[in-house]
Amino acid sequence: TVTDLLFGVTQVLTPRTVAQFNYSYSQASGYLTHPYKMISVVHPVTGDPAPGSGGLNLYLFVHCPDSRGKHSLFAQLKHQLKRDIVDASYRFMIDDWDVISHTIEFRYRWRLDRYYIQPHVRYYTQSAAEFYRGALFQGDPLPDHVSADYRIGEFDAYTLGVKYGRLLDDDKEWGIRIEYYKQTGRSPPDISVGSLRNFDLDYGIDALIVQAGYRF
């Protein structure tokens, strides 16, 4: 089950400036573990995979807590120049898994008659959950909760993009958006042992996003 609460205030500061402030709380409970994700068990000195049954390497299913509460604060400021529009926002999030994140986002819309060009920059960073591990060491006690899911690990993400759109009659609009997304993770330093030092354990994602839309 998921419970969401949102409190927000929108304030007109000047005829050309609008500010928004939100506080939100989300509480999820139930089975929050991805059923197909696993974590490796390695030798604490050599870093080699620990042997399992049938001559295969030893892997264990991850296990996350059965509840997660999130608190977040959001602030946004929009200001219209003569024709252009500046849009900046900041979001802070903390949860009871010890994940803390910061999001900074900026857009600038250049108006060209009925066309516009809108560059977009976004930066996101988060800390790892308290039970996040890159691997488990053979012989250590099995923790109550453990996960190697990069989505709850420590990472930074950058988004750079631009949108081109045209305003039509009756508040209709079409546009095309192109963005580049790069995510860089940081594995826990305690798993860099033995043969694992020969591998790049810092996961990363690179993506190119193209989107076309029509609003009516």
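Look above for the structure.
Nothing here was measured: the structure is a model prediction, and the numbers come from that model. Along each chain, the written sequence defines residue order, and numbers are assigned to residues from 1. Only residues with pLDDT of 70 or above have their local features reported here, since the model is predicted, and side-chain atom pairs are shown and tallied only from 80 upward, although totals for entire chains, interfaces and linings are computed over all residues. Side-chain numbers come from the whole structure's heavy atoms, not from hydrogens or water.

1. A look at the overall build of the protein
Regarding its fold elements, the protein presents zero helices and 12 strands. This radius of gyration counts C-alpha atoms alone. The globule rule is 2.2 Å times how many residues there are, raised to the power 0.38. Its C-alpha radius of gyration of 23 Å places the protein more than 25% over the 17 Å reference for a compact globule of 216 residues. Along the first, second and third principal axes, the C-alpha atoms of the protein reach 70 × 35 × 30 Å. Buried residues are those whose accessible area, probed at 1.4 Å on protein chains only, stays under 20% of the maximum for their type, while exposed residues exceed 50% and partly exposed ones sit between those limits. The buried share of the protein, reckoned over its 216 residues, is 31%. By definition, residues are in contact when any of their heavy atoms lie within 4.5 Å. In the protein, the share of contacts with a sequence separation of at least 24, taken over all contacts with a separation of at least 6, comes to 59%. Here the protein has roughly 13,600 Å² of accessible surface; of this, 59% comes from carbon and sulfur atoms. By the criteria applied, helices consist of DSSP H or I runs no shorter than four residues and strands consist of E runs no shorter than two, each listed in order from the N terminus. Surface accessibility in these figures is a Shrake-Rupley result with a 1.4 Å probe; residues are shielded only by whichever protein chains are displayed.

2. Topic: the sheet that holds strand β10 (residues 154-167)
In spatial order, the strands read β1-β2-β5-β6-β7-β8-β10-β11-β12; together these nine strands make up an open sheet with antiparallel pairing. The two strands at the open ends of the sheet, each matched to only one other strand, are β1 (2-14) and β12 (204-215). Direction aside, neighbouring strands of the sheet carry axes that sit 10 degrees apart on average. The pairing criterion for strands is at least two bridges between them, as found by DSSP. Pairing of strand β2 (residues 17-29) with strand β5 (residues 67-80), which is carried by 13 bridges, proceeds in the antiparallel orientation. Directly across from Ser 26, in β5, lies its bridge partner Lys 70. For helices, the axis comes from a line fit to the C-alpha atoms of the stretch in contact; other axes are also lines fit to C-alpha atoms, and the angle between any two N-to-C directions lies between 0 and 180 degrees.

3. Some remarks on unusual backbone geometry
One non-glycine residue, Asp 113, lies in positive phi territory at about 55 degrees. Locating Asp 113 in the fold gives a position in the loop between β7 (100-112) and β8 (115-126). For Asp 113, a relative accessible area of 57% corresponds to the exposed category. Phi at Asp 170 takes a positive value of approximately 60 degrees, unusual for a residue other than glycine.

4. A short note on the side chain of Thr 33
Relative to the helices and strands, Thr 33 is located in the loop between β2 and β3 (38-42). Under the rule applied, a polar contact is a pair of N or O atoms within 3.5 Å (in protein, one hydrogen donor and one hydrogen acceptor; residues adjacent in sequence only if both atoms are side-chain atoms). Of the polar contacts made by the side chain of Thr 33, one reaches the backbone nitrogen of Cys 64; its length is 2.8 Å. The residues touching Thr 33, leaving out its near neighbours within four places in the chain, are Val 62, His 63 and Cys 64.

5. Describing the environment of Thr 103
Counting through the fold element by element, Thr 103 comes out in strand β7. For Thr 103 and Ser 195, which are 92 residues apart along the polypeptide, the C-alpha to C-alpha distance reads 36 Å.

6. Remarks on the pattern of salt bridges
A pair is scored as a salt bridge if a Lys or Arg side-chain nitrogen falls within 4 Å of a carboxyl oxygen belonging to Asp or Glu. Per the stated rule, a full pass over the model turns up 10 salt bridges. We note a salt bridge from Asp 149 to Arg 151, for which the minimum N-O separation is 2.7 Å. The class for Arg 151 is partly exposed, based on a relative accessible area of 44%. Note that Lys 163 is salt-bridged to Glu 173, the shortest N-O span being 3.8 Å. Placement of the pair is Lys 163 in strand β10 and Glu 173 in strand β11 (residues 173-186), with a sequence separation of 10 residues. Among the ionic contacts, a cluster of salt bridges with common partners joins Glu 154, Asp 156 and Arg 186.

None of the figures reported here should be taken as evidence of function without further support.
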